[in-house]
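One-letter residues, chain by chain:
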Amino acid sequence: MSSFFDGIPAVRYAGPDSGETFVYRHYNPDEVVLGKRLEDHLRFAIAYWHSFAWPGGDPFGGQTFERPWFGDTMDHARLKADVAFEMFGLLGVPYFCFHDADVRPEGESFAENQRNLDAMVDYFAGKMEQTGTKLLWGTANLFSHRRFMAGAATNPDPDVFAWSAATIKSCMDATHKLGGENYVLWGGREGYETLLNTDLSRESEQAGRMLAKVVDYKHRIGFKGTILIEPKPQEPTKHQYDYDVATVYGFLKRFGLENEVKVNIEQGHAILAGHSFEHELALAASLGIFGSIDMNRNDYQSGWDTDQFPNSVPEIALAYYEVLKAGGFTTGGTNFDAKLRRQSLDPEDLILGHAGAMDVCARGLKAAAAMLEDGTLEEMRQTRYAKWDSPEAKTMLASDDLATIHARVEASDLRPSPVSGKQERLENLVNRFV
Ligand code: XUL
Ligand code: CO
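Attention in this report is confined to the structure presented alongside it. Keep in mind the model is a prediction, meaning the values are calculated, not measured. (Residues numbered from 1 in each chain as written. Chains lettered and ligands numbered in written order. Predicted model: local features only at pLDDT ≥ 70, side-chain atom pairs only at ≥ 80, totals over all residues. Heavy atoms only, no water.)

1. Some remarks on the overall build of the protein
Here is step 1 of the chain: Each helix and strand in the protein was counted, giving 16 helices and 14 strands.
Here is step 2 of the chain: Scaling as 2.2 N^0.38, a compact globule of 434 residues should have a C-alpha radius of gyration of about 22 Å, and the protein matches this with 24 Å.
Here is step 3 of the chain: For the C-alpha atoms alone, the extent of the protein along its principal axes is close to 80 × 60 × 45 Å.
Here is step 4 of the chain: Out of the 434 residues belonging to the protein, those deemed buried represent 49%.
Here is step 5 of the chain: For the protein, the exposed surface amounts to about 20900 Å²; the carbon and sulfur share of it is 52%.
Here is step 6 of the chain: Positive and negative side-chain charges in the protein, numbering 44 and 63 respectively, have mean positions lying 3 Å apart. (Helix = DSSP H or I, 4+ residues; strand = E, 2+ residues; numbered from the N terminus. Rg over C-alpha atoms; globule rule 2.2 N^0.38 Å. Buried < 20%, exposed > 50% of the residue type's maximum accessible area, 1.4 Å probe, protein only. Areas by Shrake-Rupley, 256 points an atom, 1.4 Å probe, with all protein chains shown as cover. Lys, Arg positive; Asp, Glu negative; His and termini not counted. Charge placed at Lys NZ, Arg CZ, Asp CG, Glu CD.)

Have a look at this one:
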């Protein structure tokens, strides 16, 4: 045991009226909602990078956090893992997620990186065995080191493509070995700063070839998890190629990978793309590519990716409504890709950031389940399209050509009569649940 969280009790469910600090008021993992335990619905995961690797810097200042595991040796990496698994246990969170660079020191060569990662994977395997914590997803950090400044797969230099492909292989192997349920690709610097030096055709072809190699390798090693792309429209580059769900779907279709790859949708990225979170979720579900979520919000006034813990029940309820309508998570889950504010220095801040977020998600999911069970919203949506159930409407959609439709409309004196969309009534309905 490290001493980092000394004095902080394990966070357990105490009910909505509890006045205690280190408790869940809404997240009772064993509560059954729509026939399933809350823990199995939500499938919470903690992001290793923000909680344990991020030093608290911003563009105007460096490190604010002082952590005993900050340093570039294997001893530091092992201490970091000890504290991380202690936190997973204190919170009762079933999953975690990591990049290679979060968990191992940076070596002098690729081979040293590989050795460091292998050693940490063995260390994790022991901890996972002892504690029962599982891996939701693994991924490769192909954006922090300066070698990736012009992209990874989309780099003008094939040496960087090679380094990236080799790194992805290491991270897929690590994920597979640890029983990970998904493998994520976020296109960190896959995009451009200026079109003046960018060949779009080449770069998207390179991204497509890399993704095809990832899918090929997944099958080769028998990885049963899901490959997920995480869309984001900009930051760090001016324009990121995986802009949003629609853009990713077009890319997957172009390379024939739409049945192989799904999406990990992040709330803050959806907002940056000018969409709502529920829009991105509903679209992914309708395209058959919904996979998992990163549940972290942006500050709505800042205009960039602030990766804050979620705290709005009404917003989250609408998001989980889409998740539940899509059938819930299969391999995916709710990953908190969220970091503390840089003034939140204390160990307890890490615990309370996650505990509060888990409570907000539990409330949101329960509200979404109640809306689904009530059924009025879905009934009203269906009623709105009821005329499409007629045989004439079905034939028109399926087979009538424009000339046939024209002849029918001209002969029938058809006069479409507008019908209320009832938006205010629907908003009032939702407000009864959130
Ligand atoms: C960056 C982001 C990443 C991915 C994993 O905005 O969300 O941390 O979740 O690489
Ligand atoms: Co993310």
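2. Considering the coordination of the cobalt ion (ligand 2)
Here is step 1 of the chain: Donor atoms from the polypeptide that coordinate the cobalt ion (ligand 2) comprise Glu230 (OE), Glu266 (OE), Asp294 (OD) and Asp337 (OD), at 1.9 to 2.1 Å from the metal.
Here is step 2 of the chain: The site at the cobalt ion (ligand 2) holds six donor atoms, and with the angles between them running 79 to 172°, its shape is octahedral.
Here is step 3 of the chain: If you list the donors of the cobalt ion (ligand 2) from N- to C-terminus, the spacing comes out as E-x35-E-x27-D-x42-D. Placement of Glu266 in strand β12 (residues 261–266) and of Asp337 in the loop between β14 (334–336) and α12 (347–374) is noted, with a sequence separation of 71 residues between them. Considered together, Glu266 and Asp337 belong to a single accessibility category, that of buried residues. (Donors = N, O, S within 2.8 Å, 3.2 Å for Na, K, Ca; no water. Tetrahedral: all angles 85-135°; square planar, octahedral: opposite > 155°, others 65-115°.)

3. Quick word on the state of the cysteines
Here is step 1 of the chain: In the structure shown here, the tally under the stated rule is zero disulfides.
Here is step 2 of the chain: Cys171 takes part in no disulfide bond, and the closest cysteine sulfur to it belongs to Cys97, at a distance of 13 Å.
Here is step 3 of the chain: Of the residues examined, Cys171 reaches a relative accessible area of 3% and is grouped as buried.
Here is step 4 of the chain: Summary of cysteine pairing: Cys361 is not part of a disulfide, and the nearest cysteine sulfur, belonging to Cys97, is at 14 Å.
Here is step 5 of the chain: Residue class for Cys361 comes out buried when judged on its relative accessible area of 0%. (Disulfide = S-S within 2.5 Å.)

4. A word on the packing of helix α5 (residues 110–131) against helix α6 (residues 158–177)
Here is step 1 of the chain: Interaxial distance between α5 and α6 falls to 10 Å at its minimum, and their mutual angle equals 10°. It follows from the interaxial angle that α5 and α6 lie roughly parallel. Considering the relative orientation of α5 and α6, their crossing is right-handed. Residues Phe110, Asn113, Gln114, Leu117, Val121 and Asp122 of α5 pack against Trp163, Ala166, Thr167, Ser170, Ala174 and Lys177 of α6.
Here is step 2 of the chain: A breakdown of the residues in the contact of α5 with α6 according to their chemical character gives six nonpolar, four polar and two charged. (Axes fitted to C-alpha atoms, helices over the stretch in contact; angles between N-to-C directions. Parallel < 35°, antiparallel > 145°, perpendicular 65-115°, else oblique. Left-handed = near helix turned anticlockwise from the far one by under 90°. Contact = heavy atoms within 4.5 Å. Nonpolar A, V, L, I, M, F, W, Y, C, P; charged D, E, K, R; others polar.)

5. Quick look at the site of ligand 1
Here is step 1 of the chain: Lining the immediate surroundings of ligand 1 are Trp49, His99, Trp137, Trp186, Glu230, Lys232, Glu266, His269, Asp294, Asp305 and Asp337.
Here is step 2 of the chain: At 2.8 Å from an oxygen atom of ligand 1 is found a side-chain nitrogen or oxygen belonging to Glu266.
Here is step 3 of the chain: In the environment of ligand 1, an oxygen atom lies 3.0 Å from a nitrogen or oxygen atom belonging to the side chain of His269.
Here is step 4 of the chain: Protein burial of ligand 1: of its 290 Å² of free accessible surface, 94% is covered by the chains. (Near = heavy atom within 4 Å. Polar contact = N/O pair within 3.5 Å; in protein donor to acceptor, adjacent residues only side chain to side chain.)

6. Quick word on a nonpolar patch on the surface
Here is step 1 of the chain: Judged by side-chain polarity, Tyr385, Trp388 and Leu397 come together as a nonpolar surface patch covering roughly 360 Å² of accessible area.
Here is step 2 of the chain: Relative to the helices and strands, Leu397 resides in helix α14 (residues 391–398). (Patch = residues over 30% accessible without salt bridge, like charges linked within 9 Å, V, L, I, M, F, W, Y side chains within 5 Å. Salt bridge = Lys/Arg side-chain N within 4 Å of Asp/Glu carboxyl O.)

7. Overview of the sheet that holds strand β13 (residues 290–294)
Here is step 1 of the chain: Read around the closed barrel, eight strands run β5-β6-β7-β8-β10-β12-β13-β14, paired in parallel fashion. Sheet twist, expressed as the average angle between the axes of neighbouring strands with direction ignored, equals 30°.
Here is step 2 of the chain: Pairing analysis gives three bridges linking strand β10 (residues 226–230) to β12, with the strands arranged parallel. Bridge pairing in β12 places Ile229 opposite Val263.
Here is step 3 of the chain: On the sheet, helix α8 (residues 245–254) packs against β10 and β12 and is oriented at approximately 165° with respect to β12. (Pairing = 2+ DSSP bridges.)

8. A word on the packing of helix α7 (residues 200–221) against α8
Here is step 1 of the chain: At a minimum axis separation of 10 Å, α7 and α8 run at an interaxial angle of 75°. Considered as vectors, α7 and α8 are oriented roughly perpendicular to each other. Judged by residue contacts, Ser204, Glu205, Ala207, Gly208 and Leu211 of α7 engage Phe251, Leu252 and Arg254 from α8.
Here is step 2 of the chain: Partitioning the contact of α7 with α8 into residue classes produces four nonpolar, two polar and two charged.

9. Points about the nonpolar core
Here is step 1 of the chain: By size, the foremost hydrophobic cluster in this structure holds 103 residues, and its most contacted members are Tyr48, Phe124 and Tyr320.
Here is step 2 of the chain: The contact partners of Phe124, leaving out residues within four places of it in the chain, are Tyr48, Ala81, Phe85, Phe96, Phe98, Val103 and Leu178.
Here is step 3 of the chain: Counting nine residues, the second-largest nonpolar core is a separate cluster that includes Trp49, Trp137, Val184 and Leu228. (Core = buried A, V, L, I, M, F, W, Y, C linked by side-chain atoms within 4.5 Å.)

10. Observations concerning helix α3 (residues 74–91)
Here is step 1 of the chain: For α3, spanning 18 residues, the distance from its first C-alpha to its last is 26 Å, which sits close to the expected 26 Å at 1.5 Å a residue.
Here is step 2 of the chain: Taken across its 18 residues, α3 has 13 buried, putting it largely inside the fold. (Expected span 1.5 Å × (residues − 1).)

11. Digging into the packing of aromatic side chains
Here is step 1 of the chain: This structure, assessed with the given rule, holds 25 aromatic pairs.
Here is step 2 of the chain: Look at Phe52 and Phe88: their rings are 6.3 Å apart centre to centre, the planes differ by 75°, and that puts the pair in the edge-to-face class. Of this pair, Phe52 sits in helix α2 (residues 48–53) while Phe88 sits in helix α3; the two residues are 36 residues apart in sequence, bridging distant segments of the chain.
Here is step 3 of the chain: Look at Phe52 and you get buried, because its relative accessible area is 0%.
Here is step 4 of the chain: A residue is classified by how much of its surface remains accessible, and Phe88, at 1% relative accessible area, is buried.
Here is step 5 of the chain: Relative to Trp186, the ring of Phe143 lies with its centre 4.8 Å away and its plane at 70°, an arrangement referred to as edge-to-face. Taken together, the residues Phe143 in the loop between β7 (134–139) and α6 and Trp186 in strand β8 (residues 182–186) connect sequence positions 43 residues apart. (Phe/Tyr/Trp six-rings, centres within 6.5 Å; stacked < 30°, edge-to-face > 60°.)

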